[in-house]
Amino acid sequence: MSVIAIANHKGGVGKTTTTVNLAAGLGRQGHKVLVIDLDPQSNATFSLGLKKQDRTIYQVLAFQDDIRKMIQPVAGVDLVPASVHLAGFEKNNEVGKEFILQESLDPIRSEYDFILIDCPPSLGALTISALTASDFVIIALQPEFLALQGMTDFIKILRTVKTRMNSNLELLGIVVTQFDNRKVLHRDIMEHARNEYGDAVFDTLIRGNIALAECQSMGKHIFDYDENCNGAEDYSLLALEVSQRLQTELV
Ligand SMILES: Nc1ncnc2c1ncn2[C@@H]1O[C@H](COP(=O)(O)OP(=O)(O)OP(=O)(O)O)[C@@H](O)[C@H]1O
Ligand SMILES: [Mg+2]
């Protein structure tokens, strides 16, 4: 089994879209998947069809409540929802708080093939907690000017977390989102990314697809919204590529 953080400190790059639809794709391929929404914005929670929740990952981080009590089955995957209270976790100064999430996952790790953690757009304690709890990280990258430069900073943080907090942490891959092959800039950025990071860049490109934006606002993952659109095809291929990289057998 693998715990994977979907991260990038840059906002709006497709972290939540990737977490939700990759999770749903893995679920459809027969894997048992848990999504943890670790962003105070709670976008993954809403994207999977839940409204404001009382039992969330906040209780786990703030009061060390049992994470099992927060798990809800939704649309083919399990979800631990987020709440806006998570923002408070960034500010408190409890010693060692970045390890609480990792500890909370220990009893349930073996029950899932994949645990995907949707990170907020920051490098604060929530993202560090996710990286500390994870075996792998997937970086979502939007093909934009300066995005590659931002990623260099993020990769430095990964190295620091690996040295100081979690020696298991590995980069599983970089997924390029909202890709448009007709744009020269997008093709250029892809070429730079492949030159710089080689095979770390997933072969699967997530194309810009309005259905991916629409389904989020409807609280459905892409396979329930329109299983024949480009977005469904791309996330299905990404799910295969992720399980191949991990050589995860179906249970
Ligand atoms: N491949 C895509 N095609 C079209 N729209 C997309 C695609 N991926 C994401 N979007 C849209 O772009 C916006 C940002 O995506 P998303 O919420 O996944 O980014 P994020 O990195 O999680 O943002 P934040 O940093 O705020 O958490 C959303 O409106 C989403 O619906
Ligand atoms: Mg998000």
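Reading the values: rules and limits
Residues numbered from 1 in each chain as written. Chains lettered and ligands numbered in written order. Predicted model: local features only at pLDDT ≥ 70, side-chain atom pairs only at ≥ 80, totals over all residues. Heavy atoms only, no water. Buried < 20%, exposed > 50% of the residue type's maximum accessible area, 1.4 Å probe, protein only. Helix = DSSP H or I, 4+ residues; strand = E, 2+ residues; numbered from the N terminus. Pairing = 2+ DSSP bridges. Axes fitted to C-alpha atoms, helices over the stretch in contact; angles between N-to-C directions. Contact = heavy atoms within 4.5 Å. Salt bridge = Lys/Arg side-chain N within 4 Å of Asp/Glu carboxyl O. Near = heavy atom within 4 Å. Polar contact = N/O pair within 3.5 Å; in protein donor to acceptor, adjacent residues only side chain to side chain. Areas by Shrake-Rupley, 256 points an atom, 1.4 Å probe, with all protein chains shown as cover. Nonpolar A, V, L, I, M, F, W, Y, C, P; charged D, E, K, R; others polar. Arc of directions from axis to C-beta. Parallel < 35°, antiparallel > 145°, perpendicular 65-115°, else oblique. Left-handed = near helix turned anticlockwise from the far one by under 90°.

1. Quick notes on the pairing of strand β1 (residues 2-7)
Here β1 lies mainly inside the structure; six of its six residues are buried. What you see with β1 is no split at all: Ser2, Ile4 and Ile6 on one side and Val3, Ala5 and Ala7 on the other are buried throughout. Two strands pair when backbone bridges link them, and β1 and strand β5 (residues 114-118) are joined in this way by five bridges, in the parallel orientation. If you follow Ser2 over to β5, its bridge partner there is Phe114. Where β1 and strand β6 (residues 136-141) come together, four bridges link them in parallel fashion.

2. Observations concerning the sheet that holds strand β4 (residues 77-80)
Pairing between sheet strands relies on hydrogen bonds along the backbone, with the strands arranged either parallel or antiparallel. Strand order in this open sheet of seven strands is β3-β4-β2-β5-β1-β6-β7, and the pairing throughout is mixed. With partners counted over all chains shown, the strands left at the sheet margins are β3 (72-74) and β7 (170-176), one partner each. Ignoring which end each strand starts from, the neighbouring axes of this sheet average 25° apart. In this sheet, β7 lies alongside β6 in parallel orientation, the contact comprising six bridges. Note that in β7 the partner of Ile138 across the bridge is Gly173. Where helix α1 (residues 15-28) meets the sheet, its contacts fall on β1, β2 (33-37), β4, β5, β6 and β7, and the angle it forms with β5 comes to roughly 165°.

3. Regarding the pattern of salt bridges
Within this structure, the stated rule accounts for 10 salt bridges. Arg182 serves as the salt-bridge partner of Asp180, at 3.1 Å between the closest nitrogen and oxygen. The exposure class assigned to Asp180 is buried, which follows from its relative accessible area of 17%. Arg182 sits in the exposed class, given a relative accessible area of 72%. Residue Asp234 pairs with Arg207 through a salt bridge whose shortest N-O separation is 2.8 Å. One end of the pair, Asp234, is in helix α11 (residues 230-246); the other, Arg207, is in the loop between α8 (184-197) and α9 (210-218), with 27 residues separating them in the sequence.

4. Concerning the site of ligand 1
By nearness alone, 18 residues border ligand 1, and Lys15, Thr16, Thr17, Asn209 and Gln216 come closest of all. The side chain of Asp39 places a nitrogen or oxygen atom 3.5 Å from an oxygen atom of ligand 1. The fraction of the free accessible surface of ligand 1 (620 Å²) that becomes covered by protein chains is 81%. Partitioning the shell around ligand 1 into residue classes produces five nonpolar, 10 polar and three charged.

5. Structural notes on α9
Along α9, the residues that are buried comprise Ala211, Leu212 and Cys215. Angular distribution of buried residues about the axis of α9 spans 100°; they occupy a single face of the element. In α9, the exposed positions angled more than 90 degrees off the buried face are occupied by Ile210 and Ser217. Those residues of α9 that are buried are in contact with α1, α10 (222-225) and α11.

6. Description of the packing of helix α6 (residues 125-133) against helix α7 (residues 147-164)
Taken N-terminus to C-terminus, the directions of α6 and α7 make an angle of 55°; their axes are 10 Å apart at the nearest point. Classified by the interaxial angle, the pair formed by α6 and α7 is oblique. Where α6 crosses over α7, the two elements pack in a sense that is right-handed. For the pair α6 and α7, contact is made by Thr127, Ile128, Leu131 and Thr132 and by Phe154, Ile157, Leu158 and Val161, respectively. For the contact of α6 with α7, the residue count by class is six nonpolar, two polar and no charged.

7. Topic: the side chain of Thr56
When you line up the elements, Thr56 lands in the loop between α2 (43-47) and α3 (57-63). Dropping the residues within four chain positions of it, Thr56 is found in contact with Met70, Val80, Pro81, Ala82 and Ser83.

8. Some remarks on the side chain of Thr127
Mapped onto the secondary structure, Thr127 falls in helix α6. Of the polar contacts made by the side chain of Thr127, one reaches the backbone oxygen of Pro120; its length is 3.5 Å. Among all residues touching Thr127, those that are not within four sequence positions of it are Cys119, Pro120, Ser122 and Phe154.

9. Quick look at unusual backbone geometry
Note: most peptide bonds trans; most residues except glycine with negative phi. Phi is positive for Ser42, close to 60°, though the residue is something other than glycine. With respect to the helices and strands, Ser42 occurs in the loop between β2 and α2. Residue Ala75 is not a glycine yet carries a positive backbone phi of 35°. Within the secondary structure layout, Ala75 lies in the loop between β3 and β4. Given a relative accessible area of 40%, Ala75 falls into the partly exposed group.

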